[in-house]
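The chain contents come next:
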Amino acid sequence: MYDRSISERNTVVAQLHPQPHPILGAVTDARSSLTDVRDVQPVYMTPADKTAALVELGRAAAAIEELRLRVLATAGDVADAAGARDVGSWAAHLTHADPTTARADARLAEALDRRWTRVAAGMADGCVALPQARVIVTALEALPDDLDPTLLAKAETQLVAYCADFSPTELRRLGRHILHVVAPDIAEAHQAKLLEAEEERAREKTSLRSRLIGDGLARTTIVHPELDRTRLLTYLEAFTSPRKHDDATLGEEDRIPYHRRLGQAFGALLEHLDPAKLPDHGGDATTLMVTIDLDSLRTNLATGGLIDGHLTAGDNMSATAIRRLACTAKIIPVVLGGKGEILDLGRTRRLYSPGQRKALRLRDQQCRAEGCTVPATWCEAHHLKPWTQGGRTDLNDGVLLCNHHHHRAHDRRYEADRLANGDLRFHRRP
C-alpha cells in the first residue's frame, strides 16, 4: 500500500513537472557546469592544463554550435507562429544577434540538416569549427550540380578531414581545388568555369568613388578585381624606395610607413602617365592646363587654377607644385601677364626628350640625392636651374631624382647643395 501511494505521487509530480527535453537538459547542465567555474581564475593553471583546456573548449564550442544550428534548422514552425519573415530574422530578434549573421546561420543550418551531414557530424564531434563549416559548405555547393554523388561524398569527407590541420583561410583555397583531389579528370574545366564566373562578378561589382574631405585631401575608394590589385601594387612598388638592410643608412623616405609610401607612389604613377596614349577627352588629347601669372610662378607662395581636364576651375595648386609637375608631366602652364593676357602656353622644349632621359639614366644610374639608391628607371628628370629662371633643357642642367627627392627639390622648406660628385644634399632651411 505504501509503495503504491509513493508510485502514484511520483506520477502526479511527473505530470506537474515533466522532464525537460534531453537537448534542453544538456544545455542546462552545460550552463550549470560553466557557472560553477565562473569565478575560478585560470592564472594558476599549468601550461599543459591551459593547452588542454583551450583545445577542449574549442571542441566544446564546435559541438554547441552544431547543436544550435540543429535546433535552428527545425525552428521554422516557431518563426511562422511568431509571424517572422524567416527563421533568421526570428532568431536575430530572439537572441539579439546581427540579422545578417543570423540569416547566414539559418541558411547554414538548413544546408547541414538537409545535405551536408558529414560536416554536421564533424562539428558534433568537435572536429570542425563553425568558421571551417561555413567554408566547407561554400566550397561543396560550388561544385558541379551533376557531380556523381559518390565523388561529392568523397569531397565532403576529405574537406572535413582537412579541418584537423588547416585554418578557414587555408580550407578556402583547398576547397577551390578539391576536385583535383577527388576527380582530377574534370577539375580543370570546372576550375576555368569558376574563375570566369568569379571574374564576371568582380567586373560587375567594380566601382570608384571619390570626394573631397578638406585640407587639400580627397578620399577615393575603389572596389576592383583582384588582378587589378596585383597590377596596381606592382606599379606602385616600382615608385617606392628599395628597402635597406642597414638601419643606419635609412633615409627619411625609408621611415615613412608603407601605406603612406604607396599613397605617394600613386601620385607619382599619375604624374608618369603619358597623356598622348590616353583616349581623346573633349575632342582633344587629354591634357591639364594650369593658369598662373608670371610673377606668381617665380615666387613660392602663389597659387594657380586648374582650367582643363577632369578637374574644376575652383581647384587650386601651389606654384611649387606647378613647377614640379612641369618638369615631367604633360601639363601646360598658361602663364598670364599683368592684364591677364596669355604670355606662354608652355614650351615643349622645356621637357627633356626621350633621348635626353636615356642619356641621363646612362649617366646617373640612380637618384642623385645623396645616399639614395632608387634605380634610374624609376627617376624623373629635374632642372637644376628652374626653367622659369632661365634654366636650359640640356644634360648639364639636368639631374635624375626619385619621386620623393623630386618633391624635396621643389619643397621651399628644403634647399639642396650640389656636392663635388654631382649628388644633391638636402637639408631644411634655417
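Residues numbered from 1 in each chain as written. Predicted model: local features only at pLDDT ≥ 70, side-chain atom pairs only at ≥ 80, totals over all residues. Heavy atoms only, no water.

Draft legend 1. The overall build of the protein chain, seen in detail. A tally of regular secondary structure across the protein chain gives 18 helices and 13 strands. With 430 residues in all, the protein chain has 32% of them scored as buried. Once local pairs closer than 6 in sequence are excluded, the contacts in the protein chain between residues at least 24 apart make up 51%. Accessible surface, the protein chain: about 27,800 Å² in total, of which carbon and sulfur atoms supply 55%. (Helix = DSSP H or I, 4+ residues; strand = E, 2+ residues; numbered from the N terminus. Buried < 20%, exposed > 50% of the residue type's maximum accessible area, 1.4 Å probe, protein only. Contact = heavy atoms within 4.5 Å. Areas by Shrake-Rupley, 256 points an atom, 1.4 Å probe, with all protein chains shown as cover.)

Draft legend 2. Broad picture of the packing of aromatic side chains. Going through the model one piece at a time under the given rule, you end up with one aromatic pair. Ring centres of Tyr162 and Phe166 lie 5.7 Å apart, and the angle between their planes is 90°; this geometry places the pair in the edge-to-face category. Exposure remark for Phe166: the relative accessible area of 30% places this residue in the partly exposed category. (Phe/Tyr/Trp six-rings, centres within 6.5 Å; stacked < 30°, edge-to-face > 60°.)

Draft legend 3. Spatial organisation of the pairing of strand S10 (residues 380-383). Burial along S10 is two-sided: Glu380 and His382 facing one way and Ala381 and His383 facing the other are all buried. With four bridges connecting them, S10 and strand S11 (residues 398-401) associate as antiparallel partners. By the bridge assignment for S11, His383 is matched with Gly398. (Pairing = 2+ DSSP bridges.)

Draft legend 4. Fine view of helix H14 (residues 258-272). Compared with the 21 Å implied by 1.5 Å per residue over 15 residues, the 21 Å span of H14 between its first and last C-alpha is a close match. All buried positions along H14 are accounted for by Arg261, Leu262, Ala265, Ala268, Leu269 and Glu271. Considered in projection along H14, the buried side chains sweep an arc of 160° and stay on one side of the axis. (Expected span 1.5 Å × (residues − 1). Arc of directions from axis to C-beta.)

Draft legend 5. Summary view of the environment of Tyr352. Relative to the elements of secondary structure, Tyr352 occurs in the loop between strand S9 (342-344) and helix H17 (354-364). A relative accessible area of 3% means that Tyr352 is categorised as buried. With 29 residues separating them along the chain, Tyr352 and Ala381 place their C-alpha atoms 7.1 Å apart. Among residues more than four places away in sequence, those in contact with Tyr352 are Arg357, Leu360, Ala381, His382, His383, Arg392, Thr393, Asp394, Asp397 and Gly398.

Draft legend 6. Fine view of unusual backbone geometry. The phi torsion at His96 lies on the positive side, around 60°, for a residue other than glycine. Mapped onto the elements, His96 comes out in the loop between helix H5 (87-95) and helix H6 (99-114). Residue classification places His96 among the exposed positions, given a relative accessible area of 75%. The backbone of Asp215 sits at a positive phi, close to 60°, despite the residue not being glycine. A residue is classified by how much of its surface remains accessible, and Asp215, at 81% relative accessible area, is exposed.

Draft legend 7. A look at the environment of Trp90. Following the sequence through the fold, Trp90 ends up in helix H5. In sequence terms Trp90 and Gly76 are 14 residues apart; their C-alpha atoms lie 9.2 Å from each other.

Draft legend 8. Main features of the pattern of salt bridges. By the definition in use, this model includes 15 salt bridges. Notably, a salt bridge pairs Asp86 with Arg103, separated by 3.8 Å at the nearest N-O pair. One end of the pair, Asp86, is in the loop between helix H4 (76-81) and H5; the other, Arg103, is in helix H6, with 17 residues separating them in the sequence. Given the relative accessible area of 27%, Asp86 is considered partly exposed. Notably, a salt bridge pairs Arg368 with Asp364, separated by 2.7 Å at the nearest N-O pair. Here Arg368 matches Asp364 in class, with each residue buried. Each of Glu65, Arg68, Asp105 and Arg134 takes part in a single network of salt bridges with overlapping partners. (Salt bridge = Lys/Arg side-chain N within 4 Å of Asp/Glu carboxyl O.)

Draft legend 9. Quick peek at the environment of Asp86. For the pair Asp86 and Gly76, spaced ten residues apart in sequence, the C-alpha to C-alpha distance is 7.5 Å. If we ignore the near neighbours within four places in the chain, the residues touching Asp86 are Ala79 and Arg103.

Draft legend 10. Region of interest: the nonpolar core. Of all hydrophobic cores here, the largest spans 38 residues; its most connected members are Leu112 and Val119. The biggest single contributor to this core is helix H8 (residues 130-141), with seven residues. The next biggest cluster of nonpolar side chains, apart from the first, holds 15 residues, and it includes Cys367, Cys372, Cys402 and Leu424. (Core = buried A, V, L, I, M, F, W, Y, C linked by side-chain atoms within 4.5 Å.)

Draft legend 11. Looking closely at the side chain of Asn403. Mapped onto the elements, Asn403 comes out in helix H18 (residues 403-409). If near-sequence neighbours (up to four positions away) are discounted, Asn403 is found in contact with Gln264, Ala268, Glu271 and Glu380.

Draft legend 12. Region of the structure containing the packing of H6 against H8. Orientation of H6 relative to H8, taken along the N-to-C sense of each, is 65°, at an axis distance of 11 Å. Regarding the angle of H6 to H8, the classification is roughly perpendicular. Once H6 is placed against H8, the crossing between them reads as left-handed. Residues Ala104, Asp105, Leu108, Ala111, Leu112 and Arg114 of H6 form the contact with H8, whose participating residues are Leu130, Ala133, Arg134, Val137 and Glu141. Residues of the contact of H6 with H8, tallied by class, amount to seven nonpolar, no polar and four charged. (Axes fitted to C-alpha atoms, helices over the stretch in contact; angles between N-to-C directions. Parallel < 35°, antiparallel > 145°, perpendicular 65-115°, else oblique. Left-handed = near helix turned anticlockwise from the far one by under 90°. Nonpolar A, V, L, I, M, F, W, Y, C, P; charged D, E, K, R; others polar.)

Draft legend 13. Spatial organisation of the confidence of the model for the protein chain. In the predicted model, the protein chain carries a mean pLDDT of 78, and 73% of its residues have values of at least 70. Here residues 243-250 is modelled with pLDDT under 50, and outside its nearest four sequence neighbours on either side it reaches nine contacts, counting other chains as well. For residues 338-348, every residue scores under 50 in pLDDT, and the model assigns this stretch 20 contacts once sequence neighbours within four places are set aside. (pLDDT = per-residue confidence, 0-100.)

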